[in-house]
Amino acid sequence: MNIKKGKKLGQGFMGDVYESSINNVQCILKMEKADPNIDVGNNAYARQVKFDQFVKKSKYKKHYLNLISYGWLDNCKNNIPVPKWATGDKKKYLQSRTKLKTCYYLAYTPILKYTLNTALTNKLFPDYSKIIHTMINQIFPVIIDLHKAGYNHNDLHPGNIMY
């Protein structure tokens, strides 16, 4: 497996997202520190792999990113800082995760260039009334589809909607 991390697109409190390539296929790569001895069955990695099975059967699959590769990496060098807002047990938990040497990765296609937040902030759309209508027609059916299948996004905001 030939993974090449490219431009960093974003960072959450547990992982990073990059514009990358795997075996010369351009993709979006999410990497998160995790312990394969503890996290295999009950973390974001396992949930995402299971979720991809749902996406492949969804009538709205064209509105989702396509998971093309996933797995575990040893000697993970991602250095995720503990957020300033973390306190108490949450802070201890996140600090322990930053010391892990393993990461899982999830690779998706296609590469979409903008988040909705970026597009709105930089005024990339000439007619906002059309984009709002298009957004509603694409996002709401997908949210309903997710909920019918028992999923919740829990982090839906303009920075997590790709265009």
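Treat the numbers as computed from the prediction; the structure is a model and nothing was measured.

Draft legend 1. The state of the cysteines, seen in detail. This structure, assessed with the given rule, holds one disulfide. There is a disulfide in this structure between Cys 76 and Cys 103, and the S-S distance comes to 1.7 Å. Judged by the torsion about the S-S bond (-65°), the Cys 76/Cys 103 disulfide is left-handed. Pair noted here: Cys 76 is in the loop between strand E4 (66-73) and helix H3 (88-98) and Cys 103 is in strand E5 (residues 103-109), with a separation of 27 residues, a long-range link. Residue Cys 76 shares its accessibility class with Cys 103, and that shared class is buried. With no disulfide of its own, Cys 27 lies closest to Cys 103 among cysteine sulfurs, the gap being 15 Å. Overall, Cys 27 belongs to the buried group, its relative accessible area being 0%.

Draft legend 2. Examining the nonpolar core more closely. The biggest cluster of nonpolar side chains holds nine residues, and these are Tyr 18, Ile 22, Cys 27, Leu 29, Met 31, Cys 76, Cys 103, Tyr 105 and Ala 107. Secondary-structure elements contributing two or more residues to this core are strand E2 (15-22), strand E3 (25-33) and E5. Excluding residues that lie within four positions of it along the chain, Leu 29 makes contacts with Ile 3, Lys 5, Asp 16, Val 17, Tyr 18, Ser 20, Ile 22, Tyr 105, Leu 106 and Ala 107.

Draft legend 3. Region of interest: the side chain of Glu 32. Looking at the element boundaries, Glu 32 is found in strand E3. A distance of 2.8 Å separates the side chain of Glu 32 from the side chain of Tyr 104, its partner in a polar contact.

Draft legend 4. Up close: the environment of Met 135. When you line up the elements, Met 135 lands in helix H5 (residues 128-148). Of the residues examined, Met 135 reaches a relative accessible area of 13% and is grouped as buried. Each C-alpha atom, one on Met 135 and one on Leu 116, is 9.5 Å from the other, the two residues being 19 residues apart in sequence. Met 135 has contacts with Leu 116, Phe 140 and Tyr 163, leaving out every residue within four places of it along the chain.

Draft legend 5. Molecular detail of the pairing of E2. In terms of burial, E2 is a largely internal element, six of the eight residues being buried. As paired strands, strand E1 (residues 3-11) and E2 are joined by six bridges and run antiparallel to one another. The partner of Lys 5 across the bridge, within E2, is Ser 20. One ladder, built from eight bridges, connects E2 with E3; its direction is antiparallel. Residue pairing in the sheet places Tyr 18 in a bridge with Leu 29 of E3. With antiparallel pairing between neighbouring strands as the criterion, E2 and E3 make up a hairpin whose turn holds two residues, including Asn 23 at a positive phi of roughly 50°.

Draft legend 6. Representation of the sheet that holds E3 in the model. Pairing within the open sheet is antiparallel, and its five strands lie in the order E1-E2-E3-E5-E4. One side of each edge strand has no neighbouring strand; the edge strands of this open sheet are E1 and E4. Here the strands of the sheet are splayed against their neighbours by 30° on average, with no regard to which way each runs. One ladder, built from six bridges, connects E3 with E5; its direction is antiparallel.

Draft legend 7. Fine view of H5. With 21 residues, H5 should reach 30 Å at 1.5 Å per residue; the first-to-last C-alpha distance of 30 Å fits that figure. Listing the buried residues of H5 in full gives Ile 131, Met 135, Ile 139, Val 142, Asp 145 and Leu 146. Where H5 is buried, its residues contact helix H2 (44-57) and helix H4 (116-121). Once H5 ends, the next one or two residues include Gly 150, with phi positive near 90°.

What counts and what doesn't
- The numbering scheme is per chain: residues are counted from 1 as the chain's sequence reads.
- Side-chain atom pairs in this predicted model are given and counted only at pLDDT of 80 or more, local residue features only at pLDDT of at least 70, and totals for whole chains, interfaces and linings cover all residues.
- Side-chain metrics in this entry use all non-hydrogen atoms of the structure; hydrogen atoms and water are not considered.
- Here, a disulfide means two cysteine sulfur atoms that sit within 2.5 Å of each other.
- The helix count covers DSSP runs of H or I at least four residues long, the strand count covers runs of E at least two residues long, and both are numbered beginning at the N terminus.
- With a 1.4 Å probe rolled over the protein chains alone, any residue whose accessible area is under 20% of its type maximum counts as buried; one over 50% counts as exposed, and the rest are partly exposed.
- Only buried residues count toward a nonpolar core, which is a set of Ala, Val, Leu, Ile, Met, Phe, Trp, Tyr and Cys residues joined through side-chain atoms within 4.5 Å.
- Whether two residues touch is decided by their heavy atoms; if any such pair falls within 4.5 Å, the residues are in contact.
- Any pair of N or O atoms that falls within 3.5 Å is considered a polar contact. Within protein, one atom must be able to donate a hydrogen and the other to accept it, and sequence-neighbouring residues count only if both atoms are side-chain atoms.
- At least two bridges found by DSSP between two strands is the condition for calling them paired.
- In this analysis an axis means a line fitted to C-alpha atoms, helices contributing only their contacting stretch, and an angle means the value between N-to-C directions, from 0 to 180 degrees.
- Multiplying 1.5 Å by the residue count of a helix minus one yields the expected span of that helix.

Treat this as a map of the structure, not an account of what it does.
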